[in-house]
Amino acid sequence: DTGVSQDPRHKITKRGQNVTFRCDPISEHNRLYWYRQTLGQGPEFLTYFQNEAQLEKSRLLSDRFSAERPKGSFSTLEIQRTEQGDSAMYLCASSLFVRAGYEQYFGPGTRLTVT
Amino acid sequence: DQQVKQNSPSLSVQEGRISILNCDYTNSMFDYFLWYKKYPAEGPTFLISISSIKDKNEDGRFTVFLNKSAKHLSLHIVPSQPGDSAVYFCAASGGGGADGLTFGKGTHLIIQP
């Protein structure tokens, strides 16, 4: 399977704990995006990378959230001191950017439940 | 402020007929538009896209129409099939599609036999 993969698929954690999610993009894609989706809403953009550089962060990305893409391949999204409002589906997407953008392809998501 | 709006939460269409899903946007900086399909417990699946320099793009049973003056786009599915039952999201982006996407809330399409 050469699509976008995410791990874990499900995560249940207690309020105040830290969690980390991983995303492996399609291998030739240089851009990687993180989104969050809550019930009844469309995905909301959080941040994106081109190779290892983080180029944009949404105002939704509070200081408890940090994302990295250390070698320009896989990425991690960490949430510190989780709150119940962090419960959501966290989606990763990747795309190929040369002189223009192309379609973003999504992974299956990580569902986070904060109790 | 919702920049991408899908005003129909659900739509029911008979199998074999045309499904038309609508989307409105407010941000004039958007220059790339996409439609995604989503099944429960899966990530969105890319369907079709259109650049703001075009007014129509077709791919098999799927056609997207863009009316820039009205800031409106629509997705036509002809003929509708049972496997088309899913939630459809309209998304928009600036930067030729390279930036983060802004999504609507989705329309749940139900294809009835």
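This text goes with the structure placed above it.
Residues numbered from 1 in each chain as written. Chains lettered and ligands numbered in written order. Predicted model: local features only at pLDDT ≥ 70, side-chain atom pairs only at ≥ 80, totals over all residues. Heavy atoms only, no water.

Section: the nonpolar core
In plain terms, the rule: Note on terminology: a nonpolar core comprises buried Ala, Val, Leu, Ile, Met, Phe, Trp, Tyr and Cys residues joined through side-chain atoms within 4.5 Å. Here's how the labels work: a residue is buried when its accessible area is under 20% of the maximum for its type, exposed when over 50%, partly exposed in between, all with a 1.4 Å probe on protein chains only. Secondary structure counts use DSSP, requiring at least four H or I residues in a row for a helix and at least two E residues in a row for a strand, with both numbered from the N terminus. Note on definitions: a residue-residue contact is assigned when non-hydrogen atoms from the two residues lie within 4.5 Å.
Counting residues in each nonpolar core, the largest one holds 23 residues, and the members touching the most others are Phe-33, Trp-35, Leu-73, Leu-75 and Tyr-88 of chain B. Residue assignment for this core shows that the elements contributing at least two residues are strand 3 (19-25), strand 4 (32-38), strand 5 (45-51), strand 7 (62-67), strand 8 (72-77), strand 9 (86-93) and strand 11 (107-112) of chain B. Broken down by element, the residue count for this core peaks at four residues, all from strand 9 of chain B. Sequence-distant contacts of Phe-33 of chain B, that is, excluding residues within four places in its chain, are made with Tyr-25, Ile-48, Ser-49, Ile-50, Ser-52, Leu-66, Leu-73, Ala-91 and Ala-92 of chain B. Counting residues in hydrophobic clusters, the runner-up holds 19 residues, among them Val-4, Leu-61, Leu-77 and Ala-88 of chain A.

Notes on the state of the cysteines
Covalently bonding the sulfur atom of one cysteine to the sulfur atom of another cysteine gives a disulfide. All names here are of chain A. Counted only if it meets this: Working definition: a disulfide is two cysteine sulfur atoms within 2.5 Å of each other.
The final tally for this structure, using the stated rule, is two disulfides over all chains. The disulfide partner of Cys-23 is Cys-92, and the S-S distance across this bridge is 1.8 Å. Here the disulfide of Cys-23 and Cys-92 is left-handed, its torsion about the S-S bond being about -70°. Placement of Cys-23 in strand 3 (residues 19-24) and of Cys-92 in strand 9 (residues 88-95) is noted, with a sequence separation of 69 residues between them.

Regarding the pairing of strand 6 (residues 53-57) of chain A
Residue and element names in this part refer to chain A. So the rule is basically this: Any two strands are treated as partners once DSSP identifies two or more bridges connecting them.
In this structure, strand 5 (residues 44-50) lies alongside strand 6, joined through four bridges in antiparallel fashion. Each bridged residue has a counterpart across the sheet, and for Phe-49 the counterpart in strand 6 is Gln-54. A loop of two residues connects strand 5 with strand 6, the two strands running antiparallel in sequence, and Asn-51 in this loop sits at a positive phi of about 55°.

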